[in-house]
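Topology and contacts: notes
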Amino acid sequence: MEQGKKLCEKAFWLLLLASPLLDMINGIWTYLRCGGDGGMLSSLDIKDIPGMSPSFLLRVAFLLVMGLYVLLCRNWRAVGMFAAIGVTWCGTVAYEYLRGAEFSLRADVQYIVRFCYCLLVLVVYFTMLKEGDGPARKRRVDQVLCLSLLVLGLGVLIPYILGMGFFTYADPLGYRGSRGFFYAGNDITAVMMLLLPVVLAGWMGREKGRGGRFCWLQAVSAGLGFVALLIIGTKTAFLAAGVTLAVLAGYSLLRGFRARSWAAGRQLLIVLAIVLAVLCLMMLICETSPITTIWKSLSATSRYIEIADTETVIFSGRTSYLEQALEQFRQTLPVSALVGIGRGSQGHIIEMDPVEVLVYYGLLGALTMLWLYVLQGVRVILDLFRAFSLEALACAVSLGLCASYCVLAGHVLFSVTAGFYFAFMIAYARAFCSSKGRDKTTLL
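Let me begin by describing the structure that accompanies this report.

The rules behind the values
Each chain carries its own residue numbering, running from 1 in the written order of its sequence. Totals for whole chains, interfaces and linings use every residue, but because this is a predicted model, local features are given only for residues with pLDDT of at least 70 and side-chain atom pairs only at 80 or more, for both listing and counting. The side-chain values count all of the structure's non-hydrogen atoms but skip hydrogen atoms and water molecules. Counting from the N terminus, the helices are DSSP H or I runs at least four residues long and the strands are E runs at least two residues long. Under the scheme applied here, a residue whose accessible area is under 20% of the maximum for its type counts as buried, over 50% as exposed, and between as partly exposed, the area being computed with a 1.4 Å probe on protein chains only. Every residue pair with non-hydrogen atoms within 4.5 Å of one another is taken to be in contact. Surface accessibility in these figures is a Shrake-Rupley result with a 1.4 Å probe; residues are shielded only by whichever protein chains are displayed. The pairing criterion is simple: DSSP has to find at least two bridges between the two strands. Stacked, tilted and edge-to-face pairs are distinguished by plane angle, under 30 degrees for stacked and over 60 for edge-to-face with tilted covering the rest, among Phe, Tyr and Trp rings (Trp via its six-membered ring) whose centres lie within 6.5 Å. Only buried residues count toward a nonpolar core. Its members are Ala, Val, Leu, Ile, Met, Phe, Trp, Tyr and Cys residues joined through side-chain atoms within 4.5 Å. Nitrogen and oxygen atoms within 3.5 Å of one another constitute a polar contact, given that in protein one can donate a hydrogen and the other can accept it, and given that sequence-neighbouring residues count only through two side-chain atoms. Salt bridges are identified by distance alone: a Lys or Arg side-chain nitrogen within 4 Å of an Asp or Glu carboxyl oxygen. Buriedness of a pocket was judged along seven lines, with at least five required to meet protein on both sides within 12 Å; pockets are open sets of points on a 1 Å grid over the protein atoms alone, cavities are sets where a 1.4 Å probe fits but cannot get out, and lining residues have an atom within 4 Å of a point. Grid points are joined across faces, edges and corners, and a volume is the space filled by probe spheres set on the points. Classification used: nonpolar for Ala, Val, Leu, Ile, Met, Phe, Trp, Tyr, Cys and Pro, charged for Asp, Glu, Lys and Arg, polar for all others including Gly. To estimate how far a helix should reach, multiply one less than its number of residues by 1.5 Å.

Quick word on the overall build of the chain
Along the chain, the regular secondary structure elements total 16 helices and three strands. Relative to its full complement of 444 residues, the chain shows a buried share of 52%. Partitioning the intrachain contacts of the chain with sequence separation of at least 6 by distance along the chain shows that 77% fall at a separation of at least 24. Total accessible area on the chain stands at roughly 19900 Å², and carbon and sulfur atoms take up 65% of it.

This is the structure:
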């Protein structure tokens with residue numbers, strides 16, 4: 001049994017390392033299938049959305065391995081949690097068929113499987129991270145996160161330099177931004193907002209003379225991450241870059257005045273110098289200046305704020321899908337209050353994850369599916385105040401940004417890309433930033 005657990009853990013390290021590459025492979029596969037021949041494609045060019053991509057098949061395999069790992073660890077509480085989710089889901093599906101609603105079982109199965117995949121990531125990686133040599137394991141994880149951010153940044157910037165990949169936006173305000181070879185702009189934005197604060201904090205908190213080349217790789221990865229967010233050019237990408245910079249700059253200033261130590265501030269200035277150097281280099285070699293691209297995205301965002309009402313600016317039109325779902329929800333009360341109306345009854349998702357859970361699966365679904373996320377989020381906040389540190393602050397910024405994104409824009413809890421990293425960062429924060437100590441920290 002122990003040998004089986006060790007083999008599973010090796011597979012999980014491989015998954016953590018390979019996840020950015022899987023998403024890039026999926027994007028390149030989509031790009032080629034949709035006629036990419038060396039130019040830029042937009043969402044309007046994607047007529048046939050690929051189904052069974054290579055990355056999807058690999059993640060299904062890892063889903064089975066994670067389920068086996070939970071059984072090998074005899075984590076019966078986790079098994080009970082997933083059993084409760086399964087029973088609740090079956091109740092929702094049964095009710096939809098009994099009332100004779102038009103219902104897509106395939107859409108609902110895909111939806112709930114993606115959710116369980118991300119929740120399994122939280123359970124499995126927390127179990128793996130809290131065991132063994134804490135400091136050594138943390139260094140290993142930090143190296144993987146740094147490499148992941150580096151791959152993601154290059155996955156956006158290299159296609160931009162080559163004039164390839166996907167536009168971020170294609171709407172009446174024009175073609176603008178670039179998400180590189182990543183198919184889903186929401187996913188890549190969410191992942192980068194999760195990784196950037198933690199990698200940047202690792203660089204800012206390094207001790208002088210220690211860390212060597214890896215620390216400098218953290219600086220380069222953080223710099224490329226900032227530039228990539230600006231090139232992606234979504235409202236959320238700008239917000240993530242701005243909040244990360246503001247909070248960690250505020251920390252470095254406060255530490256400088258209180259402890260008379262300006263090391264963190266100097267480290268942050270080095271990253272900003274890397275950002276400036278990368279932008280200058282891109283201006284020399286790119287056909288379209290990155291400054292022009294960033295300005296175009298900012299101008300479109302400003303124009304969008306001017307012509308749209310507050311609700312549309314915040315929710316980007318998602319409330320129309322919410323209204324449609326709520327109308328069906330109200331028609332089937334009071335049963336829908338308990339079991340919801342099912343994802344399979346909807347042509348479009350609402351794109352606000354907690355609201356989706358409540359509307360699609362009712363109060364029972366919200367209770368069984370969301371309680372672990374809420375519990376661990378509260379614990380991360382409590383740990384920040386009980387044992388304040390730069391790393392704990394970075395985790396709070398990372399998770400706070402993504403949790404807000406989850407509520408306002410969705411595509412997190414039900415995304416095998418963004419949801420994977422969101423769950424992993426919760427596990428990371430609980431395993432390494434807990435005020436109670438790693439050995440006493442529990443998940444369920």
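Describing the sheet that holds strand β2 (residues 165–171)
Strand order in the open sheet formed by three strands is β1-β2-β3, and the pairing between neighbours is mixed. One side of each edge strand has no neighbouring strand; the edge strands of this open sheet are β1 (40–41) and β3 (174–178). Pairing of β2 with β3 involves four bridges; the strand directions are antiparallel. Its bridge partner being in β3, Asp171 is matched across the sheet by Gly174.

Observations regarding the packing of aromatic side chains
In the structure shown here, the tally under the stated rule is 19 aromatic pairs. On the basis of an interplanar angle of 70 degrees and a centroid distance of 5.5 Å, the ring pair of Tyr31 and Phe181 is categorised as edge-to-face. Within this pair, whereas Tyr31 is found in helix α1 (residues 2–33), its partner Phe181 is found in the loop between β3 and α6 (185–204), the two being separated by 150 residues in sequence. Overall, the relative accessible area of 13% leaves Phe181 in the buried class. An aromatic cluster is defined as three or more aromatic residues linked by ring pairs; in this entry it consists of Tyr111, Phe115, Tyr360, Tyr361, Tyr373, Phe414 and Phe422.

So, the nonpolar core
Ranked by size, the top nonpolar core spans 140 residues in total, and within it Tyr125, Tyr373 and Phe424 carry the most contacts. The element best represented in this core is helix α4 (residues 105–129), accounting for 16 residues. Among residues more than four places away in sequence, those in contact with Phe424 are Leu16, Val121, Tyr125, Leu129, Val141 and Leu145.

Some details on the side chain of Thr293
With respect to the helices and strands, the residue Thr293 is situated in helix α10 (residues 290–307). Reaching out from Thr293, the side chain makes a polar contact with the side chain of Tyr160 at a distance of 2.5 Å. Leave out the neighbours within four places in its chain, and Thr293 touches Tyr160, Gly177, Ile231 and Thr288.

Some words on the pairing of β3
The element β3 is extensively covered by neighbouring structure, given that four of its five residues are classed as buried. Connecting β2 to the next strand, β3, in antiparallel fashion are two residues.

Examining the pattern of salt bridges
Summed over the entire model, instances satisfying the criterion amount to six salt bridges. For Asp142, the salt bridge identified is with Lys138, shortest N-O distance 2.8 Å. Taken as a pair, Asp142 and Lys138 lie in helix α5 (residues 134–162) at a separation of four residues, close to a single helical turn. Of the two residues examined, Asp142 and Lys138, each falls in the buried class. Residues joined by salt bridges that share partners form a network here, namely Lys138, Asp142 and Glu391.

Description of the pairing of β2
Across two bridges, β1 lies against β2 in parallel orientation. What sits directly across from Met40, in β2, is Gly165.

Here we look at empty space enclosed by the protein
On inspection of all chains with the given rule, the structure shows one cavity of 30 Å³ or more. The computed volume of the largest cavity comes to approximately 30 Å³. Lining the largest cavity are Val380, Asp383, Ala392, Cys395, Ala429 and Cys433. Of the residues belonging to the lining of the largest cavity, the class tally is five nonpolar, no polar and one charged.

Considerations on unusual backbone geometry
Following Leu333, the chain continues to Pro334 via a peptide bond in cis, the omega torsion being 5 degrees. Structurally, Pro334 is set in the loop between α12 (318–331) and α13 (335–339). Positive phi outside glycine occurs at Arg74, with the angle close to 55 degrees. Structurally, the position occupied by Arg74 is in the loop between α2 (54–72) and α3 (76–98).

Some details on helix α8 (residues 235–259)
For α8, built from 25 residues, the straight-helix expectation of 36 Å at 1.5 Å per residue is met to within 8% by its first-to-last C-alpha distance of 36 Å. Those residues of α8 that sit buried are Ala237, Phe238, Ala240, Ala241, Thr244, Leu248, Tyr251, Ser252 and Gly256. At the C-terminal side of α8, Arg260 shows a positive phi close to 55 degrees.

Observations regarding the environment of Val355
Tracing the sequence through the fold places Val355 in helix α14 (residues 353–386). Look at Val355 and you get partly exposed, because its relative accessible area is 27%. For the pair formed by Val355 and Cys406, sequence separation is 51 residues and the distance between their alpha carbons is 9.9 Å.

All we've got here are geometric facts, nothing functional implied.
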